[in-house]
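If you want the building blocks of each chain, they are given just below.
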Amino acid sequence: MVNQTQVKQQGAPGTAIDVAVQGMTCASCVGRVEKAIRAVNGVEAANVNLATERAHIILRPGATDTGALAEAIRDVGYEPVEDTIDLKISGMTCASCVGRVEKALRAVPGVLGATVNLATERASVRTLGGSDVTPALITAVEQTGYEAEPVRSGVEQTDRERAAREAESAALRRSVILAALATAPLLVFEMGSHLFEGVHHFLAGTLGDGTVRILSFLLATLIQFGPGLRFYAKGWPALLRGAPDMNSLVMIGTTAAYGYSVVSTFAPGLLPEGTAYTYYEAGAVIITLILLGRWFEARAKGRTSEAIRRLMTLQAKTARVMRDGQEVEIGIELVRPGDIVVVRPGDKVPVDGEVVEGASYVDESMITGEPVPAQKGVGAPVVGGTINKTGAFRFRATKVGADTLLAQIVRTVEEAQGSKLPIQALVDKVTTWFVPVVIGVAALTFLAWLVFGPAPALTYALINAVAVLIIACPCAMGLATPTSIMVGTGKAAEMGVLFRRGEALQALKEVGVVALDKTGTLTKGRPELTDIAAAASFAETDVLRLVAAVETRSEHPVAEAIVAAAKRRGLDLPAPQSFEAVPGFGARAEVEGCQVVVGADRLMRQMGLDVAVFADAAARLADEGKTPLYAAIDGRLAAVIAVADPVKDTTPTAVEALHELGLKVVMITGDNRRTAEAIAKQLGIDDVVAEVLPTDKAEVVRRLQGGGAARVAFVGDGINDAPALAQADVGLAIGTGTDIAIESADVVLMSGDLRNVPNAIALSVATIRNIQQNLVWAFGYNVVLIPVAAGALYPFFGILMSPMFAGLAMAFSSVSVLTNALRLRGFAPPLPASGTDAPAARGRLAPAE
């Protein structure tokens, strides 16, 4: 835990933090850890307690380099406990807000790193220890001028955030309506009089110029300190802290226009002759347009998180559990591990568990993507959020709350949506100094027009400086990346692709080599009977029936495959007598009075039987990567049988699609080279690395990477694939595989359908292209329009930008970025895969970039 207290050390205030340390076993460990911590710059004192496994560290004032503490502890062979704290941040409006919140969070002692996402309005903070540092983090955020609270898990947090977003959208809508209603007559008074002489004469004759100015003042004041008050509430404190944000720009610009107009109305003698104009409509229109843009922005932000809401709706709200022998309906949050849960036909399974009574068919398409309901009986696992179809059953709850698979999926998507891509680094650097530079440019613009501008110079100086302040829009820069990530990862979740790390979304686009494990990835992972060819005097069905009867006594996977094939054909298998296993050769038994032998060719030769009659068939089967076996009945050769781990039906299409993307496809397997090469030839795989030990797969991936020369994605499903998944630039785990493989991966293919590999790559390409479009717009908009607003075109073309147009353009900038990001919701996967309804569309795959 990190426990922060202010302490006095030698008369100076410092900070004390408690860091949990793992791995200490004796007093000498304590001494080494203490010595290492004390050597870190900024540490005043350190005391380590072996019993509590904690280090109590006193830092000098201003010392906040927690990362150095963590490294010092690791360097002497121990592990500081790290934790991640998620905070909901309120009040951020632009990218510069993000930079200030991140800076404040990173300055808190005990913090290793912090990232803030404008689109999700969340902060993810890595700390040494647990949640005791949370109050200090919240205080740091509040001192920066924003609000923070811990993120609560599950439906409650989602509902609260949705309610808060809807409340903010409603408030903005009311502000927009009020501002628009007050701005409309202002436009008639100010702009109408200038543009239409008849309007001017009508107003002068009915109301009088003085009355029009007073009415304009009252309407502008209502807008400036009514709907526009939010800009002062946020912008003024930020300005006082020396960290101005977008609200500060709007506040300064509209206040300048409003203040100038007030002086012109009530004390025109203070202004140079010929400059006593009013610009009430400028500030009013700017406030109205910016509020309109923020309202659209708030509505669009809500749509970007729809994927999370759809996932949350899959969860049941209540559960029927057995308590004291009675069936009781309770809230899902009250279900505990070990509870017996009752599920009726049509019910959603509330939590994860194991069936203890009854049987049914359960629709698990939300997890596996398979449309056919899965049969469930005693001992079968069930997953929360799936839908029971026909029967009723009871199950014992094993995972509840945040531990259920659905909750983990939601958490995974949220984490991916909240992460930052490497492409965001440039944006972060620019936005930290963007607003102060804009204020500086506006000041220079004002001075330049005041000194060198035509008469009335003061009016030109004011108007152009205000235009510069209003046109600058760091909002679009801050939203460019996170909104695309949110929509892209949400779309991926709908396709059955979970990005466990957001960074993988960018890395996947840059992959040049896709390495695939064979068993369970390219193939089904279990042997099946693929071929049976009977000799001339035997019937295929009779041979299979007798052979399967023999194999019912064997536990070998090949035997199980033969028995399963016979049962699928509905064959009645008699009980064998005098069963004998011949290790390394096969098995023999008496079945219905017949002597039946099944095994390898060497067993047949041992019996004096010539298998040459099946030589061509056996060679063909071996070339296809299948294992030929032979059956003999009553001393006569009866059939050749082939058993293999068959390639998944979807694998050829997936490999073809990867080639269309311009990628090299490599198969890595522990199987013998002949079998591996046969499958590779069948699928058109470019390269094969066979007979690889499980521990060597990561080394093969490392060789494929060529010291960083090539980006490699590895796809696998087994425990032995975990090191390779971790070593690859992007690891993709089959969701039907082992937990350890999934934990080692960056991306999880929930259904195990390999077609989602090219789908994920195509989505990665589309998302990064979308981000690039957003960034080009956001940066290009400012690069082009800020000089225009400053009056760069005036000397050549006599063109000046009205502050009203600047306000409209600024609002359009943010809305356009969000709208472009939302286009990703219409992304159609190039290949149909389990969990997607996309039609097959050959040739639509984007080329590798």
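Residues numbered from 1 in each chain as written. Predicted model: local features only at pLDDT ≥ 70, side-chain atom pairs only at ≥ 80, totals over all residues. Heavy atoms only, no water.

As annotated in an unreviewed UniProt entry, the protein chain carries the name Copper-translocating P-type ATPase and comes from Microvirga splendida.

Glancing now at the overall build of the protein chain. Helices and strands together make up the secondary structure of the protein chain, namely 30 helices and 31 strands. Per-residue burial for the protein chain yields a buried fraction of 53% across its 849 residues. Surface summary for the protein chain: the accessible area is close to 35900 Å², and the carbon and sulfur share equals 57%. (Helix = DSSP H or I, 4+ residues; strand = E, 2+ residues; numbered from the N terminus. Buried < 20%, exposed > 50% of the residue type's maximum accessible area, 1.4 Å probe, protein only. Areas by Shrake-Rupley, 256 points an atom, 1.4 Å probe, with all protein chains shown as cover.)

The biggest cluster of nonpolar side chains holds 55 residues, and the ones touching the most others in it are L87, I89, M92, V101, L105, L137 and I471. Sequence-distant contacts of M92, that is, excluding residues within four places in its chain, are made with C97, V98, V101, V116, N117, L118, E121 and Y146. By size, the runner-up hydrophobic cluster in this structure holds 45 residues, among which are A492, V730, L732 and L754. (Core = buried A, V, L, I, M, F, W, Y, C linked by side-chain atoms within 4.5 Å. Contact = heavy atoms within 4.5 Å.)

Moving on: the UniProt feature "transmembrane region" (unreviewed entry) in the protein chain. As recorded in UniProt, the feature "transmembrane region" (unreviewed entry) lies at residues 175-194, 214-233, 249-271, 277-296, 430-452, 458-481, 775-797 and 803-822. Split by type, residues 214-233 is 85% helix and 0% strand. Its first and last C-alpha atoms lie 26 Å apart. As annotated, residues 775-797 comprises 87% helix and 0% strand, and the C-alpha atoms at either end are separated by 29 Å. (UniProt positions renumbered as here; feature names shortened; annotations may be inferred.)

Turning our eyes to something else, we now look at the sheet that holds strand β28 (residues 687-689). The seven strands lie next to each other as β19-β31-β30-β29-β20-β27-β28, forming an open sheet whose pairing is mixed. Looking at the sheet topology across the chains shown, the edges are occupied by β19 (497-499) and β28. Shown here is a sheet whose adjacent strand axes are inclined to one another by a mean of 20°, direction ignored. Relative to strand β31 (residues 747-749), strand β30 (residues 730-734) is paired through three bridges, and the arrangement is parallel. Residue pairing in the sheet places A733 in a bridge with V748 of β31. (Pairing = 2+ DSSP bridges. Axes fitted to C-alpha atoms, helices over the stretch in contact; angles between N-to-C directions.)

Spatially, the four strands line up as an open sheet ordered β7-β8-β6-β9, and their pairing is antiparallel. The open sheet terminates on both sides in strands that have one partner only, identified here as β7 (111-117) and β9 (147-150). In this sheet, neighbouring strand axes are inclined to one another by 25° on average, regardless of whether the strands run parallel or antiparallel. The strands touched by helix α2 (residues 66-75) within the sheet are β6 (82-90), β7 and β8 (122-128), with β7 carrying the most contacts at an inclination of about 130°.

The next subject is unusual backbone geometry. A negative phi angle characterises most non-glycine residues, just as the trans form characterises most peptide bonds. Residue A455 is joined to P456 through a cis peptide bond whose omega torsion reads -10°. Structurally, P456 is set in the loop between α14 (424-452) and α15 (457-471). A positive phi is found at D324, a non-glycine position, where the angle reads about 55°. Here D324 shows up in the loop between β10 (318-323) and β11 (326-331). Judged by relative accessible area, which is 82%, D324 ranks as exposed.

Enumeration over the complete set of coordinates arrives at 23 salt bridges. When the shortest N-O distance is used, the salt bridge between R320 and D347 registers 2.6 Å. Residue R320 is located in strand β10, and its partner D347 is located in the loop between β12 (340-343) and β13 (352-358); the two are separated by 27 residues in the primary sequence. Assessed through its relative accessible area of 18%, D347 is described here as buried. Residue D517 is joined to K697 by a salt bridge in which the shortest nitrogen-to-oxygen separation is 2.9 Å. Residue D517 is found in strand β20 (residues 513-517), and its partner K697 is found in helix α25 (residues 697-705); the two are separated by 180 residues along the sequence. For the pair shown, D517 and K697 are each scored as buried. (Salt bridge = Lys/Arg side-chain N within 4 Å of Asp/Glu carboxyl O.)

The next subject is a nonpolar patch on the surface. On the surface, L207, I214, L215, L218 and F266 cluster together into a nonpolar patch covering about 420 Å² of accessible area. Here the nonpolar patch gets three residues from one element, more than from any other, and that element is helix α7 (residues 209-225). Secondary-structure assignment places F266 in helix α9 (residues 246-266). Under the relative-accessibility criterion, F266 is labelled partly exposed at 47%. (Patch = residues over 30% accessible without salt bridge, like charges linked within 9 Å, V, L, I, M, F, W, Y side chains within 5 Å.)

Applying the stated criterion to the full structure yields 12 aromatic pairs. Ring geometry for W777 versus Y781: centroids 6.0 Å apart, planes at 40°, classification tilted. Here the residue W777 and the residue Y781 both occupy positions in helix α28 (residues 756-790), the gap between them amounting to four residues, near one helical turn. A centroid spacing of 6.5 Å and a plane angle of 55° characterise the contact between F796 and F797, whose relative ring orientation is tilted. With a relative accessible area of 66%, F796 lands in the exposed category. Its relative accessible area of 60% is what places F797 among the exposed residues. (Phe/Tyr/Trp six-rings, centres within 6.5 Å; stacked < 30°, edge-to-face > 60°.)

Glancing now at the pairing of strand β14 (residues 360-363). Working note: regular strand, side chains alternate between the two faces of the sheet. Pairing between β14 and strand β15 (residues 374-376): three bridges, direction antiparallel. Bridge pairing in β15 places Y361 opposite Q375. Bridge analysis of β14 against strand β17 (residues 387-388) gives two bridges, and the strand direction is antiparallel. The partner of V362 across the bridge, within β17, is N388.

Attention shifts here to the side chain of D347. One polar contact links the side chain of D347 to the main-chain amide nitrogen of R344, over a distance of 2.9 Å. Excluding its chain neighbours within four sequence positions, the residues that come into contact with D347 are R320, T386, I387 and N388. (Polar contact = N/O pair within 3.5 Å; in protein donor to acceptor, adjacent residues only side chain to side chain.)

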